[in-house]
Amino acid sequence: MVNSQVAGSVAPPPRSCAGCGGKIADRFLLFSMERYWHTRCLRCSCCHAQLGDIGTSCYSKGGMILCRSDYIRLFGHSGACNACGQSIPANEMVMRAQGNVYHLKCFTCATCRNRLVPGDRFHYVNGTIFCEHDRPGAGLLNGHLPSLQTNPVLPDQKVC
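Residues numbered from 1 in each chain as written. Predicted model: local features only at pLDDT ≥ 70, side-chain atom pairs only at ≥ 80, totals over all residues. Heavy atoms only, no water.

1. Brief notes about the overall build of the protein chain
- Counting its regular elements, the protein chain contains 2 helices and 12 strands.
- Element order for the protein chain, N to C, with α for helix and β for strand: β-β-β-β-β-α-β-β-α-β-β-β-β-β.
- For the protein chain, the proportion of its 160 residues judged to be buried stands at 31%.
- By element, 50% of the accessible surface of the protein chain is carried by carbon and sulfur atoms, the whole surface being about 9,900 Å². (Helix = DSSP H or I, 4+ residues; strand = E, 2+ residues; numbered from the N terminus. Buried < 20%, exposed > 50% of the residue type's maximum accessible area, 1.4 Å probe, protein only. Areas by Shrake-Rupley, 256 points an atom, 1.4 Å probe, with all protein chains shown as cover.)

2. Looking at the state of the cysteines
- This structure, assessed with the given rule, holds 0 disulfides.
- Looking at the unpaired C44, the closest cysteine sulfur is the one in C47, lying at 3.7 Å.
- A relative accessible area of 1% places C44 in the buried class.
- Judged by its relative accessible area of 41%, C47 is partly exposed. (Disulfide = S-S within 2.5 Å.)

3. Structural notes on the pattern of salt bridges
- With the rule as written, the count across this model stands at 2 salt bridges.
- Note that R40 is salt-bridged to D26, the shortest N-O span being 3.4 Å. Residue R40 is located in the loop between β5 (35-37) and α1 (51-54), and its partner D26 is located in the loop between β3 (23-24) and β4 (28-32); the two are separated by 14 residues in the primary sequence. (Salt bridge = Lys/Arg side-chain N within 4 Å of Asp/Glu carboxyl O.)

4. Considering the pairing of β4
- With 4 of 5 residues buried, β4 is to be regarded as a mostly interior element.
- Both β4 and β5 contribute to a ladder of 3 bridges, which runs antiparallel. The residue of β5 that forms the bridge with F31 is Y36.
- Two successive antiparallel strands, β4 and β5, enclose a turn made up of 2 residues, where M33 displays a positive phi of approximately 55°. (Pairing = 2+ DSSP bridges.)

5. Regarding the environment of G21
- The topology assignment puts G21 in the loop between β2 (15-16) and β3.
- Considered as a pair, G21 and W37 are 16 residues apart in the sequence and their alpha carbons are 8.9 Å apart.

6. Some remarks on the nonpolar core
- Counting residues in hydrophobic clusters, the biggest one holds 15 residues, and the most contacted among them are A97, Y102, F107, L116, F122, Y124 and I129.
- If you list the elements that add at least two residues to this core, you get β8 (94-97), β9 (100-103), β10 (121-125) and β11 (128-131).
- For this core, the element with the most residues is β8, which contributes 3 residues. (Core = buried A, V, L, I, M, F, W, Y, C linked by side-chain atoms within 4.5 Å.)

Structure follows, in structure tokens:
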């Protein structure tokens, strides 16, 4: 949550900005994540938008400060695993497919239940993940079905 505070007639002790470390002498300051910020210093870690200018909320996960749209883009609408529905901790690596996020342990083939790891190829069909060997239509000899798009599995190591 981002709170704007206006300096009153009684001057509070000077505060230091969590972003730049400088003294905050501005008329307005922001208080977010238990720290004070210059309005120009509280920025989204991805798009660098000034968070005080774009709303009253910000999100923090994995050591990043994010605007709402970047949080949703990176962690999904709920911050939960698409397979099991449980929350994904901020420090946990994730796997992605078609805009959905998964715990590493939950990113498995729907048929054989083998876990897919970085470098494996997979198919995403109607919201379901299949390994290369179990993809629907793989057993057809004449190839009556069009080939499915393959996607490399990449870990979420660099998010922006």
